[in-house]
Amino acid sequence: MQDGKYSPNPTGVIRSTLDFQFQIAWQMLDLHLTGLQDEEFHWRPAPKGLHVYRQSGVWLAEWPVSEEYGIGPPSISWLTWHITYWWSMVLNHSFGSGTLVREDIHSLGNIQETRDQIHEMSCEWKREMSALTDDAFLSTERTLWPFTDKPFHELAAWLNLEMMKNAAEIGYCRFLYAVHKQ
């Protein structure tokens, strides 16, 4: 955008829009992660719902058997694992070896290391996005997970939506926790 006007280059508009979406989603996520402590991080909002658990010294995340509401609400620890899951997968499949699978991605088990990991992924994502050519945003070459045969800018938009969705879910869980603790 120059002097309040959009560039005639459609890829410039795409890049600018994706960056705008990312910044809003990142601000929302950062807001909800700030001040979060381990007790709240591990709190389960209901007796049933997606969570992380420790097995043989490794924190593993449960995987949903369905997308139905009856599975229950996820914990913040699961939601942050979910962020690291999709971001790890996209970074690996779009910019790395493409060999990463869900079972390779573990929860860190505490909020400080998780926050640090999410921040590092954010920095890596921004680096990779800024290095892309305009043609790369329109190409399907890097769109390898979770879908294919779409221009890369659609994958980047999906990632922004996932971040905003997970941020909203974390925020909602924090509201429930605050009321629960009263």
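Throughout, a residue's number is its position along its own chain's written sequence, starting from 1. The predicted origin of the model limits local features to residues at a pLDDT of at least 70 and limits the giving and counting of side-chain atom pairs to 80 or more, whereas totals for whole chains, interfaces and linings rest on all residues. To obtain the side-chain values, all non-hydrogen atoms of the structure were included, while hydrogens and water were left out.

A separate point is the overall build of the protein. Scanning the protein for helices and strands turns up 6 helices and 2 strands. Strands are runs of DSSP state E lasting at least 2 residues, helices are runs of H or I lasting at least 4, and numbering of each runs from the N terminus. In sequence order, the protein lays out its α and β elements as α-α-β-β-α-α-α-α. Computed over C-alpha atoms, the radius of gyration of the protein comes to 18 Å, within 12% of the 16 Å expected from 2.2 N^0.38 for 182 residues, which places it in the range of a compact globule. Relative accessibility decides the category of a residue: with a 1.4 Å probe and only protein chains considered, values under 20% of the type maximum give buried, values over 50% give exposed, and everything between is partly exposed. For the protein, buried positions account for 42% of its 182 residues. Should any heavy atoms of two residues lie within 4.5 Å, those residues are counted as being in contact. In the protein, once contacts between residues fewer than 6 apart in sequence are set aside, the share between residues at least 24 apart is 68%. In this description, accessible areas are obtained by the Shrake-Rupley approach with a 1.4 Å probe, and a residue is regarded as covered only by the protein chains that are shown. Of the roughly 10300 Å² that the protein leaves accessible, carbon and sulfur atoms contribute 55%. Positive charges come from Lys and Arg, negative ones from Asp and Glu, while His and the chain ends are left out of the count. Throughout, a charge is located at the NZ atom of Lys, the CZ atom of Arg, the CG atom of Asp or the CD atom of Glu. Charged side chains in the protein number 14 positive and 23 negative. The centres of these two groups are separated by 4 Å. Only the C-alpha atoms count toward the radius of gyration. The rule for a globule is 2.2 Å times the residue count to the power 0.38.

Here the focus is the packing of helix H3 (residues 76-95) against helix H6 (residues 152-180). To obtain each axis, a line is fitted to C-alpha atoms, and for helices this fit is confined to the stretch in contact; angles are then taken between N-to-C directions over 0 to 180 degrees. Direction vectors running N to C along H3 and H6 enclose 170°, while the axes themselves pass 9 Å from each other. Put simply, H3 runs roughly antiparallel to H6. Judged by residue contacts, Ile76, Leu79, Thr80, His82, Ile83, Trp86, Trp87, Val90, Ser94 and Phe95 of H3 engage Phe152, Leu155, Trp158, Leu159, Glu162, Met163, Lys165, Asn166, Glu169, Ile170, Cys173 and Arg174 from H6. Side-chain classes are defined by residue name, with Ala, Val, Leu, Ile, Met, Phe, Trp, Tyr, Cys and Pro counting as nonpolar, Asp, Glu, Lys and Arg as charged, and the others, Gly among them, as polar. Across the contact of H3 with H6, the residue classes tally to 14 nonpolar, 4 polar and 4 charged. Any angle that falls under 35 degrees is termed roughly parallel, while one over 145 is termed roughly antiparallel, one within 65 to 115 roughly perpendicular, and all others oblique.

Turning next to the pattern of salt bridges. If the charged atoms of two oppositely charged side chains come close together, the side chains can form a pair. Throughout this description, the term salt bridge denotes a Lys or Arg side-chain nitrogen within 4 Å of a carboxyl oxygen of Asp or Glu. The tally for this structure, following the rule as stated, stands at 6 salt bridges. When the shortest N-O distance is used, the salt bridge between Lys181 and Glu39 registers 2.9 Å. Highlighted residues: Lys181 in the segment after H6 and Glu39 in helix H2 (residues 38-42), separated in sequence by 142 residues. Measuring nitrogen to oxygen at the nearest pair gives 3.3 Å for the salt bridge that ties Lys165 to Glu169. Here Lys165 and its partner Glu169 are both found in helix H6, 4 residues apart, which amounts to about one turn of the helix. Judged by relative accessible area, which is 29%, Glu169 ranks as partly exposed. Through salt bridges that share partners, Glu162, Lys165 and Glu169 make up one connected network.

In this section: the environment of Ile83. Mapped onto the elements of the fold, Ile83 is located in helix H3. In sequence terms Ile83 and Ile118 are 35 residues apart; their C-alpha atoms lie 7.6 Å from each other. With residues near it in sequence (within four places) discarded, Ile83 still touches Leu29, Ile118, Asn166 and Ile170.

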